[in-house]
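Given next are the chains, with one letter for each unit.
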Amino acid sequence: MFVYQVTPVSRFKKLLRRAVFKRKEKAQAPAAQPHAFSDPTLQATLQQPIDAAAANAAAAANDDTAATGDDVDVLVDLAQADEVRLIINEQLESQMMDTKQGKAVKFVQAVLDLHESLKATDPIAASEIHAVAKDEMVWFVERMLLKRDEFQAAGMSTALDCGYHWTRAENLEKIQTDGLLSKKERTERKIESHYNGSQYGDGIYTCDDGLSYRNTYGPVCLLVARLKGATDTVVSNATYAAGRLVVLRTCEQCVPILQFTLEPNALIHKYHDDIQALIDQFFNVDCVAAPVAVSRNKTLYYTAPDVFDAGALAKITSISAKKICATDDCCVICHELLESQQVGQLQGCGHCQFHYECIVEAVGHSSRCPLCSKNLVEPQGTMPTGEMRITIQSTLTCGGYALGTIQIDYILESGVQKVYHASPGVAFEGTRRTAFLPDNIEGQLLLKRLEYAFLHGLTFTVGTSLTTGKTNSIVWASIHHKTAPLGGSFGFPDPNYFWNCNEELDHLGVPSALYL
């Protein structure tokens with residue numbers, strides 16, 4: 001509770017003089033907007049000094065001995081007490097902004113006032129949007145501000161922003177009283193709830209937009225304030241590219257503000273923008289920005305060719321079999337005698353145990369020598385057009401390795417199969433895949449080879465999905481990737497992963513990382 005001491009007469013006179021001056025100054029100005037702060041308890045506290053000051057001033061006005069010229073100026077109009085109220089209110093609110101409790105109260109009241117004003121713009125939609133109870137929200141904000149002090153002391157970012165969290169209706173009662181909790185925090189407080197897994201570690205899973213993960217974890221969406229600091233982040237599903245996932249490690253980093261069940265629309269976006277503006281006004285003015293580091297993030301682009309060039313064909317020399325082959329030699333492709341036909345000799349390795357027509361057809365499917373597998377030209381795969389986004393996640397850990405992860409996001413476009421695909425002219429749908437590597441020397445060297453493989457179309461192809469059985473789908477080619485940083489057959493730790501993946505790249509003709 002904030003208590004403002006009763007103002008003495010001398011102070012009251014000074015305030016009245018200031019009020020008179022301000023009234024003259026604002027005479028030609030537009031009417032001021034109603035003051036947003038309206039806490040009933042504080043307003044009642046505020047009323048006491050105003051009434052006492054007005055009574056003291058009135059008594060002074062009736063006291064002939066106390067009256068002076070200054071008193072006459074001061075007591076021109078006791079109705080100006082409203083302006084005195086405003087001045088004292090401003091002083092009180094200024095004092096409140098110096099405390100975490102006061103700042104939390106003011107912010108929450110501003111959010112609730114905003115909620116009431118926006119409800120009037122679309123009453124039907126707004127009937128499904130509800131604010132968290134005031135007292136609980138104030139407590140959540142105070143808790144976050146204490147955590148922010150810890151982040152500031154550790155040199156981490158103290159900026160706040162808006163995010164979204166999907167949950168089940170039966171969880172709302174506990175969220176109202178305890179806030180959003182990690183699995184560890186729920187266990188410590190003996191709170192039972194449905195467990196949705198923790199692919200990216202224990203924490204509170206939030207996303208940047210209200211569409212990503214919609215209904216995945218429940219039908220109720222919470223708009224929350226987030227203190228991200230240093231968090232584990234990954235990119236969301238393929239449906240909504242904006243939906244970055246942010247995992248908050250503790251309940252102190254998250255404040256539930258609104259809950260709704262309707263699909264995010266213009267009104268929700270308005271709430272988001274206006275609440276973010278309030279967050280910036282109250283908390284982000286003096287926030288500490290995240291440390292600036294040299295970025296190793298990058299994006300690679302690949303455009304699928306309409307046809308493969310004839311590079312491999314240029315490496316074949318037609319020679320008479322009589323000159324270089326024995327009479328009983330057979331073609332290693334069709335297994336018929338070479339006899340007196342023309343054979344094709346490959347530049348580089350020199351092998352020539354194949355009919356010219358056979359080797360020409362063979363290099364149309366693979367640029368490798370059928371005998372020694374040496375590449376005649378740089379390898380070329382059948383991957384559709386797409387992007388490879390590389391992001392360094394400094395706070396994400398791959399199982400069994402130190403802190404730091406390389407996140408790879410592949411984004412493949414929809415299109416029509418080329419002449420070198422299984423069903424030329426047939427359409428296929430785009431897809432998005434995410435893979436992970438530990439950010440160490442071994443991971444960085446493998447990343448160089450994976451980049452080369454992507455730029456040569458070797459990472460994906462069009463075929464039948466082994467997971468869904470769907471035909472004409474974009475599928476992994478022959479390079480294995482870890483699609484989770486931790487756990488399961490598709491995540492770390494895996495002591496054989498680097499050996500196996502490098503062996504696959506060797507087979508495809510991808511150069512050693514030392515030459516890239």
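K.L.:
Go over the overall build of the protein chain with me, naming the residues and quoting the values.
P.N.:
Along the backbone of the protein chain there are 14 helices and 17 strands. Counting all 516 residues of the protein chain, 44% fall into the buried class. The contacts in the protein chain between residues at least 6 apart in sequence include a share of 71% that link residues at least 24 apart. Of the roughly 26,300 Å² of accessible surface on the protein chain, a fraction of 54% belongs to carbon and sulfur atoms.

K.L.:
Kindly report on the side chain of Gln-393, identifying the contributing residues and their values.
P.N.:
For Gln-393, the location among the structural elements is in strand β11 (residues 386-397). Take Gln-393: its relative accessible area is 9%, and that puts it in the buried class. Engagement of the side chain of Gln-393 in a polar contact is seen with the side chain of Gln-407, the distance being 3.2 Å.

K.L.:
I'd like a rundown of the sheet that holds strand β15 (residues 431-438), residues and numbers included.
P.N.:
Sheet strands pair by backbone hydrogen bonding; their relative direction is either parallel or antiparallel. Taken in spatial order, the four strands of this open sheet run β8-β11-β12-β15, and their pairing is antiparallel. Looking at strand neighbours, the two that pair on one side only are β8 (298-302) and β15, the edges of this open sheet. Neighbour-to-neighbour, the strand axes of this sheet turn through a mean angle of 20 degrees, independent of strand direction. Relative to strand β12 (residues 403-412), β11 runs antiparallel, the two sharing nine bridges. Its bridge partner lying in β12, Thr-397 is registered against Leu-403.

K.L.:
Can you lay out the nonpolar core for me, pointing to particular residues and giving the numbers?
P.N.:
In terms of nonpolar packing, the biggest core is built from 42 residues, with Phe-107, Ile-257 and Ile-275 touching the most fellow members. Among the secondary structure elements, those contributing two or more residues to this core are α5 (100-119), α6 (123-126), α7 (134-153), β2 (160-167), β4 (220-227), β7 (254-260) and α10 (266-284). Those residues in contact with Phe-107 that sit more than four places away from it in its chain are Val-141, Ile-257, Leu-278, Ile-279, Phe-282 and Phe-283. By size, the runner-up hydrophobic cluster in this structure holds 35 residues, among which are Leu-300, Phe-460, Ile-479 and Leu-508.

K.L.:
Describe the pattern of salt bridges, naming the residues involved and giving the relevant values.
P.N.:
Across all of its chains, the model carries 14 salt bridges by this definition. We note a salt bridge from Asp-274 to Lys-270, for which the minimum N-O separation is 3.3 Å. Of the two residues, Asp-274 and Lys-270 both sit in helix α10, four residues apart, roughly one turn of that helix. A salt bridge links Asp-506 to Arg-449, with the shortest nitrogen-to-oxygen separation between them at 2.7 Å. Pair noted here: Asp-506 is in helix α14 (residues 497-507) and Arg-449 is in helix α13 (residues 441-455), with a separation of 57 residues, a long-range link.

K.L.:
Explain the packing of aromatic side chains residue by residue, including any values.
P.N.:
Aromatic ring pairs are defined here through the distance separating the ring centres and the angle between the ring planes. Counted by the stated rule, this structure contains 14 aromatic pairs. Ring geometry for Tyr-302 versus Phe-454: centroids 6.3 Å apart, planes at 65 degrees, classification edge-to-face. Here Tyr-302, found in strand β8, pairs with Phe-454, found in helix α13; they are 152 residues apart in sequence, far enough to count as distant. The pair Tyr-302 / Phe-454 is uniform in exposure class, with both members buried. Where Tyr-401 meets Phe-492, the ring centres are 5.8 Å apart and the plane angle is 85 degrees; that geometry is what we call edge-to-face. A residue pair is termed long-range when its members are at least 10 positions apart, and Tyr-401 in the loop between β11 and β12 and Phe-492 in the loop between β17 (473-476) and α14 qualify at 91 residues. Between Arg-143 and the ring centre of Trp-139, over which it is positioned, the NZ or CZ distance is 4.6 Å.

K.L.:
Hey, could you go over a nonpolar patch on the surface for me, with residue numbers and the actual values?
P.N.:
On the surface, Val-332, Ile-333 and Leu-371 cluster together to form a nonpolar patch covering roughly 200 Å² of accessible area. By secondary structure assignment, the location of Ile-333 is in the loop between α11 (321-324) and β10 (342-346).

K.L.:
Can you tell me about the state of the cysteines, naming the residues and giving the values?
P.N.:
Working definition of a disulfide: a covalent bond connecting the sulfur atoms of two cysteines. If you walk through the whole model with that rule in mind, you get zero disulfides. The thiol of Cys-251 is not disulfide-bonded; the next cysteine sulfur, from Cys-254, is found 9.2 Å away.

K.L.:
Just give me the short version of unusual backbone geometry, but keep the residues and values in it.
P.N.:
With an omega of 5 degrees, the peptide bond running from Phe-492 to Pro-493 counts as cis. Checked against the element boundaries, Pro-493 lands in the loop between β17 and α14. In this structure, His-335 is a non-glycine residue whose phi angle is positive, near 70 degrees. Relative to the elements of secondary structure, His-335 occurs in the loop between α11 and β10. The residue Asn-472 is not glycine, and still its phi comes out positive at about 50 degrees.

K.L.:
Just give me the short version of the pairing of β12, but keep the residues and values in it.
P.N.:
A regular strand places its side chains so that they alternate between the two faces of the sheet. Of all 10 residues making up β12, nine are buried, and the element is well covered by its neighbours. Between the antiparallel neighbours β11 and β12 lie five residues, among them Gly-400 with a positive phi of about 90 degrees. The pairing of β12 with β15 spans eight bridges and is classified as antiparallel. Looking at β15, one finds that Gln-407 is bridged to Phe-436.

K.L.:
Go over the environment of Gln-353, please, and point to the residues and values.
P.N.:
Within the element layout of this structure, Gln-353 appears in the loop between β10 and α12 (356-363). Separated by 18 residues in sequence, Gln-353 and His-335 place their C-alpha atoms 9.9 Å apart. In this view, Gln-353 contacts Cys-330, Cys-331, Val-332, Leu-338 and Leu-371; residues no more than four positions away in its chain are not counted.

K.L.:
Talk me through the confidence of the model for the protein chain; I want residue IDs and the actual numbers.
P.N.:
Of the residues in the protein chain, 71% reach a pLDDT of 70 or more, and the chain-wide mean stands at 77. Overall, residues 231-243 carries pLDDT values under 50, and its contacts beyond four positions in sequence, including any with other chains, amount to 49 contacts.

Calculation rules
Positions within a chain are numbered from 1, following the residues in the order the chain's sequence is written. Owing to the predicted nature of the model, reporting of local features is limited to residues with pLDDT of at least 70; listing and counting of side-chain atom pairs is limited to 80 or more, with chain, interface and lining totals taken over all residues. Hydrogens are left out, water is left out, and the side-chain values use all remaining heavy atoms of the structure. Where helices and strands are cited, they refer to DSSP runs of H or I of at least four residues and of E of at least two residues respectively, numbered from the N terminus. Only protein chains enter the area calculation, which uses a 1.4 Å probe; residues under 20% of their type maximum are buried, those over 50% are exposed, and those in between are partly exposed. Two residues form a contact once any of their heavy atoms are found within 4.5 Å. Under the convention used here, a 1.4 Å probe and the Shrake-Rupley method define accessible areas, while residue burial counts only the protein chains that appear. For the purposes of these results, a polar contact is taken to be a pair of N or O atoms within 3.5 Å, where, inside protein, one atom must be able to donate a hydrogen and its partner to accept one; residues adjacent in sequence count only when each atom of the pair is a side-chain atom. In this description, strands pair whenever DSSP reports at least two bridges between them. Each axis is a line fitted through C-alpha atoms, taken for helices only over the stretch in contact, and angles between the N-to-C directions span 0 to 180 degrees. For our purposes a nonpolar core is just a set of buried Ala, Val, Leu, Ile, Met, Phe, Trp, Tyr and Cys residues, chained together by side-chain atoms within 4.5 Å. For this document, the term salt bridge refers to a Lys or Arg side-chain nitrogen within 4 Å of an Asp or Glu carboxyl oxygen. Whether two aromatic rings pair depends on their centres lying within 6.5 Å, for rings of Phe, Tyr and Trp, where Trp uses its six-membered ring; planes under 30 degrees apart make the pair stacked, over 60 edge-to-face, and the rest tilted. In our convention, an over-ring charge means Lys NZ or Arg CZ found within 6 Å of a ring centre and within 35 degrees of that ring's normal. Residues with no salt bridge and a relative accessible area higher than 30% make up the patches, which join like charges within 9 Å and nonpolar side chains (Val, Leu, Ile, Met, Phe, Trp, Tyr) within 5 Å. We call a pair of cysteine sulfur atoms a disulfide when they lie within 2.5 Å. Known as pLDDT, the predictor's confidence for each residue is given on a scale from 0 to 100.

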